[in-house]
Amino acid sequence: MVLKENDTVLYGKYSGTELQIDGEKYLMMRQSDVLGVVED
């Protein structure tokens, strides 16, 4: 699976680790935590 910036992804409720860098919030997770990608 290849993800790009601004992709909309589905993931489990407790997946990933929340980070805050320079006031911006991010969610870092393993590729295996991504359940799917929503296509526009």
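Residues numbered from 1 in each chain as written. Predicted model: local features only at pLDDT ≥ 70, side-chain atom pairs only at ≥ 80, totals over all residues. Heavy atoms only, no water.

*Asks:* Mind showing me how you'd approach the overall build of the protein here?
*Replies:* On a plain count of helices and strands, the protein comes out with zero helices and four strands. C-alpha extents for the protein along the principal axes are approximately 30 × 20 × 15 Å. Expressed as a percentage of the 40 residues in the protein, the buried residues total 10%. Sequence-distant contacts, at least 24 apart, represent 44% of the contacts inside the protein between residues at least 6 apart. Entry remark: accessible area of the protein is about 4000 Å², with carbon and sulfur atoms responsible for 48%. Averaging the coordinates of the 4 positive side-chain charges in the protein and doing the same for the 8 negative ones gives two points 8 Å apart. (Helix = DSSP H or I, 4+ residues; strand = E, 2+ residues; numbered from the N terminus. Buried < 20%, exposed > 50% of the residue type's maximum accessible area, 1.4 Å probe, protein only. Contact = heavy atoms within 4.5 Å. Areas by Shrake-Rupley, 256 points an atom, 1.4 Å probe, with all protein chains shown as cover. Lys, Arg positive; Asp, Glu negative; His and termini not counted. Charge placed at Lys NZ, Arg CZ, Asp CG, Glu CD.)

*Asks:* Where do I start with a nonpolar patch on the surface in this structure?
*Replies:* On the surface, L19, I21, Y26 and M28 cluster together to form a nonpolar patch covering roughly 380 Å² of accessible area. When contributions to the nonpolar patch are tallied by element, the ones reaching two or more residues are strand 2 (17-21) and strand 3 (24-28). Note on placement: I21 falls in strand 2. According to the relative accessible area criterion, I21 is partly exposed, its value standing at 45%. (Patch = residues over 30% accessible without salt bridge, like charges linked within 9 Å, V, L, I, M, F, W, Y side chains within 5 Å. Salt bridge = Lys/Arg side-chain N within 4 Å of Asp/Glu carboxyl O.)

*Asks:* For this particular structure, what's the right way to read the confidence of the model for the protein?
*Replies:* The pLDDT averaged across the protein works out to 92; a share of 98% of its residues lies at or above 70. Mean pLDDT across the elements of the protein ranges from a minimum in strand 4 (residues 34-38), with 94, to a maximum in strand 2, with 97. (pLDDT = per-residue confidence, 0-100.)

*Asks:* What exactly am I supposed to notice about the pattern of salt bridges here?
*Replies:* Note that side chains of opposite charge can pair when their charged atoms are close. Per the stated rule, a full pass over the model turns up two salt bridges. With a shortest N-O distance of 3.7 Å, D7 and K4 are connected by a salt bridge. A residue is classified by how much of its surface remains accessible, and D7, at 26% relative accessible area, is partly exposed. A salt bridge links D33 to R30; its shortest N-O distance comes to 3.7 Å. Relative accessible area serves as the criterion here: at 17%, D33 is assigned to the buried category.

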